[in-house]
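Structural description and commentary
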Amino acid sequence: MARLGTVMDPELPGVSIVDLGMVDDIRLDEHGIHVGLLPTFLGCPALDLIRHHVELALKDAGPLDVQWVHHQTWSSARITQDGRQALLAWGISEPAQGSQDPVTCPFCGSTQTRSISRFGRTLCQQLYYCENCSQPFDRFKTV
Ligand SMILES: [Zn+2]
């Protein structure tokens, strides 16, 4: 798990797949190490790259089997506190924990923000604007 913590989401440098809550399962048996990963967003173009980086991180740990898990759904509630801090440090507002939570500007901390587009730089983000500091910013979508 510590090694998986070094695997960053290619679209969110600085945020590990562990902190994004993408590691569903890791177990060891007589066949080797099995890793189950939850895709944050189906159709995310980074999935193959993430799997490759997981294989590299564990390459000398023995036989390895990395699978994308589809029997349960990833949700933004899986993002850890560290992950939320890392998103903020990258200028991305964290997803809401409750449906009525205000959207906080990652630059000035103001909640006087508004959505300006449902689409952001990547599938998992949407674009907001801060009325206080006049900065546009991305917010991790709540799913
Ligand atoms: Zn602001």
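Before going into details, it helps to say that this report is about the structure given with it. Quick caveat, the model's predicted, so the values are computed rather than measured. (Residues numbered from 1 in each chain as written. Predicted model: local features only at pLDDT ≥ 70, side-chain atom pairs only at ≥ 80, totals over all residues. Heavy atoms only, no water.)

1. What about the environment of Cys-108?
Test applied: Only DSSP runs of H or I with at least four residues qualify as helices, and only runs of E with at least two residues qualify as strands; both kinds are numbered from the N terminus onward. Under the scheme applied here, a residue whose accessible area is under 20% of the maximum for its type counts as buried, over 50% as exposed, and between as partly exposed, the area being computed with a 1.4 Å probe on protein chains only. Two residues qualify as a contact provided that any one of their heavy atoms is within 4.5 Å of a heavy atom in the partner residue.
When you line up the elements, Cys-108 lands in the loop between strand E6 (92-93) and strand E7 (113-117). Classification of Cys-108 as partly exposed rests on a relative accessible area of 34%. A C-alpha to C-alpha distance of 7.8 Å links Cys-108 and Asn-132, two positions 24 residues apart in sequence. In this structure, Cys-108 is in contact with Cys-130, Asn-132 and Cys-133, ignoring residues within four places of it in sequence.

2. Some thoughts on helix H2 (residues 81-89)
Definition in use: Regarding the arc, it is the one traced by the directions from the helix axis to the C-beta atoms.
The set of residues buried in H2 consists of Gly-83, Arg-84, Ala-86 and Leu-87. Along H2, the residues classed as buried sweep out an arc of 160° about the axis, all on the same side. What points out from H2, more than 90 degrees from its buried face, is the exposed set Gln-81, Asp-82 and Ala-89. Tucked into the core, H2 has its buried residues touching strand E2 (12-16), E6 and strand E9 (136-140). A positive phi of about 80° marks Gly-91, the residue just after H2.

3. A closer look at the coordination of the zinc ion
Using the following cut-off: Metal-coordinating donors are taken as N, O and S atoms lying within 2.8 Å of the metal, or within 3.2 Å when the metal is Na, K or Ca; because water is left out, some sites can appear incomplete. Geometry is assigned from donor-metal-donor angles: four donors are tetrahedral when every angle falls between 85 and 135 degrees, four are square planar and six octahedral when opposite donors sit over 155 degrees apart with all other angles between 65 and 115, and any other arrangement is irregular.
Distances from the zinc ion to its protein donors, Cys-105 (SG), Cys-108 (SG), Cys-130 (SG) and Cys-133 (SG), fall within 2.3 Å. Coordination at the zinc ion is tetrahedral, judged from the 4 donor atoms that bind it and the angles of 105 to 116° they form at the metal. The motif formed by the donor residues of the zinc ion, counted along the single chain, is C-x2-C-x21-C-x2-C. The class for Cys-105 is buried, based on a relative accessible area of 2%.

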